[in-house]
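In case you want the letters, here they are:
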Amino acid sequence: MQNTSEIEELVKLISKLPGLGPKSAKRIVLKLINNRDELVKPLAKTLAEVYKNISRCKICGVLKSSAIDCSYDNCKVIQKKYNQICVVENIADQWSIENSNIFKGYFHILGGTISSAGNKKEDLLINSLIERVKKDKIDDLLTIPVADRPNWSVDEINKEISNSAQTLLGYVVRWIDQGVGCSKVPDINNVGLMEDRATLRISSQHIANWVHHGVTTKMQVIEIMKEMAKIVDKQNENDQNYIKMSTDYDRSTAFQTACELIFKGKDQPSGYTEPLLHLNRLKKKLA
Ligand SMILES: [Zn+2]
């Protein structure tokens, strides 16, 4: 690219977004440049507005318009609607709980956990939570259930991971290589179970969560994934269009996608599997 430092800068910035590398960043930039009026102009305007007008509430931690106290009516309780606060680590947690429609109440976003690297108690919105509970006469504090000291044996842990890993690989390999979505996929005991994006999301988020909370390690998960890939390959041996994953794990797009769903699971919007599945299916088709 000659004399286009602006473009290079844009590619650099976009490739910093989760799930995007330099190649996809270039594709996005190309799309933008070809649609200057429809995309670049409104995008620039909206980004500037978000930067100027949106901030985190210093009391409850939700995103809000900077101009008003709390756009959610979340912590500035004018009309008391709820008597529960759901305490979560970050905004992504709030969004996934909101999407699931399982909780009706106020949110409180701590902005991290004390155990995450570099966080001090003072960095988290803990004092304001105590104030809110007192002031708003909250009956109940709900937190995402996390087993505080798991006493599961290594075998029990690995068995659970194996189950999820097998389901994950069984679904992903059919989708990536053959474009087959919802279908009956044999489980670890060769019982055909209906798998779709929802069960895929549960399996991948389960392992992602356990890696995040230190129940297992990335290395251990990769080892189990390789073992399970062999089982899935065996289960599909009669499918003539099937491409084995265990012959070359590094070059198997399906295997790599299943791993990405786990190891990039924390960065996926509400844990959805769509972005990574589509990106990798496209890569596979272009390969
Ligand atoms: Zn607030």
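Notes on the structure in this doc start here. Since this is a predicted model, take the numbers as computed values, not measurements.

With that out of the way, let us pick up the overall build of the chain. A count of helices and strands for the chain gives 10 helices and 7 strands. In terms of overall dimensions, the chain has a C-alpha envelope of 65 × 60 × 35 Å along the principal axes. Restricting to contacts in the chain with at least 6 residues of sequence separation, those with at least 24 account for 53%. Positive and negative charge centroids in the chain, built from 41 and 35 side chains respectively, lie 5 Å apart.

Scanning all chains against the criterion turns up 0 disulfides. Cysteine Cys-86 shares no disulfide, and the gap to the nearest cysteine sulfur, in Cys-60, comes to 12 Å.

A word on the nonpolar core. Ranked by internal contacts, the top residues of the largest apolar core, which has 31 residues, are Leu-168, Leu-169, Val-172, Met-225, Met-245 and Phe-255. When sequence neighbours within four positions are dropped, the list of residues in contact with Leu-169 reads Met-225, Met-228, Ala-229, Val-232, Met-245, Phe-255 and Ala-258. With 12 residues, the next largest nonpolar core counts Cys-60, Cys-86, Ile-91 and Ile-97 among its residues.

Our next topic: the packing of aromatic side chains. Across all of its chains, the model carries 1 aromatic pair by this definition. For the cation-ring pair, Arg-201 lies above Tyr-272, with the distance from its terminal atom to the ring centre recorded as 4.1 Å. One residue, Lys-218, lies across the ring of Phe-263, its end atom 5.0 Å from the ring centre.

Okay, the pattern of salt bridges next. All told, the structure shown has 7 salt bridges when counted by the stated rule. Its salt-bridge partner being Arg-197, residue Glu-274 comes within 2.4 Å of it at the nearest N-O pair. Remark: Arg-197 occurs in helix α7 (residues 197-212) and Glu-274 occurs in helix α10 (residues 274-286); sequence separation between them is 77 residues. A relative accessible area of 30% means that Glu-274 is categorised as partly exposed. A salt bridge links Lys-264 to Glu-260, with the nearest nitrogen and oxygen atoms 3.9 Å apart. With relative accessibility at 16%, the residue Glu-260 sits in the buried group.

Attention shifts here to the packing of helix α6 (residues 154-178) against α10. Running from N to C, α6 and α10 point in directions that differ by 45°, and their axes come no closer than 8 Å. Comparing their axes, α10 and α6 come out oblique. Two secondary-structure elements touch here, α6 through Tyr-171, Val-172, Trp-175, Ile-176, Asp-177 and Gln-178 and α10 through Leu-277, His-278, Asn-280, Arg-281 and Lys-284.

Attention now goes to the pairing of strand β6 (residues 183-186). By the bridge criterion, 4 bridges tie β6 to strand β7 (residues 192-195) in an arrangement that is antiparallel. Each bridged residue has a counterpart across the sheet, and for Val-185 the counterpart in β7 is Leu-193. What sits between β6 and β7 in their antiparallel hairpin is a turn of 5 residues, with Asn-190 showing a positive phi close to 65°.

Cut-off values and rules
- Residues numbered from 1 in each chain as written.
- Predicted model: local features only at pLDDT ≥ 70, side-chain atom pairs only at ≥ 80, totals over all residues.
- Heavy atoms only, no water.
- Helix = DSSP H or I, 4+ residues; strand = E, 2+ residues; numbered from the N terminus.
- Contact = heavy atoms within 4.5 Å.
- Lys, Arg positive; Asp, Glu negative; His and termini not counted.
- Charge placed at Lys NZ, Arg CZ, Asp CG, Glu CD.
- Disulfide = S-S within 2.5 Å.
- Core = buried A, V, L, I, M, F, W, Y, C linked by side-chain atoms within 4.5 Å.
- Buried < 20%, exposed > 50% of the residue type's maximum accessible area, 1.4 Å probe, protein only.
- Phe/Tyr/Trp six-rings, centres within 6.5 Å; stacked < 30°, edge-to-face > 60°.
- Lys NZ or Arg CZ within 6 Å of the ring centre and 35° of its normal.
- Salt bridge = Lys/Arg side-chain N within 4 Å of Asp/Glu carboxyl O.
- Axes fitted to C-alpha atoms, helices over the stretch in contact; angles between N-to-C directions.
- Parallel < 35°, antiparallel > 145°, perpendicular 65-115°, else oblique.
- Pairing = 2+ DSSP bridges.

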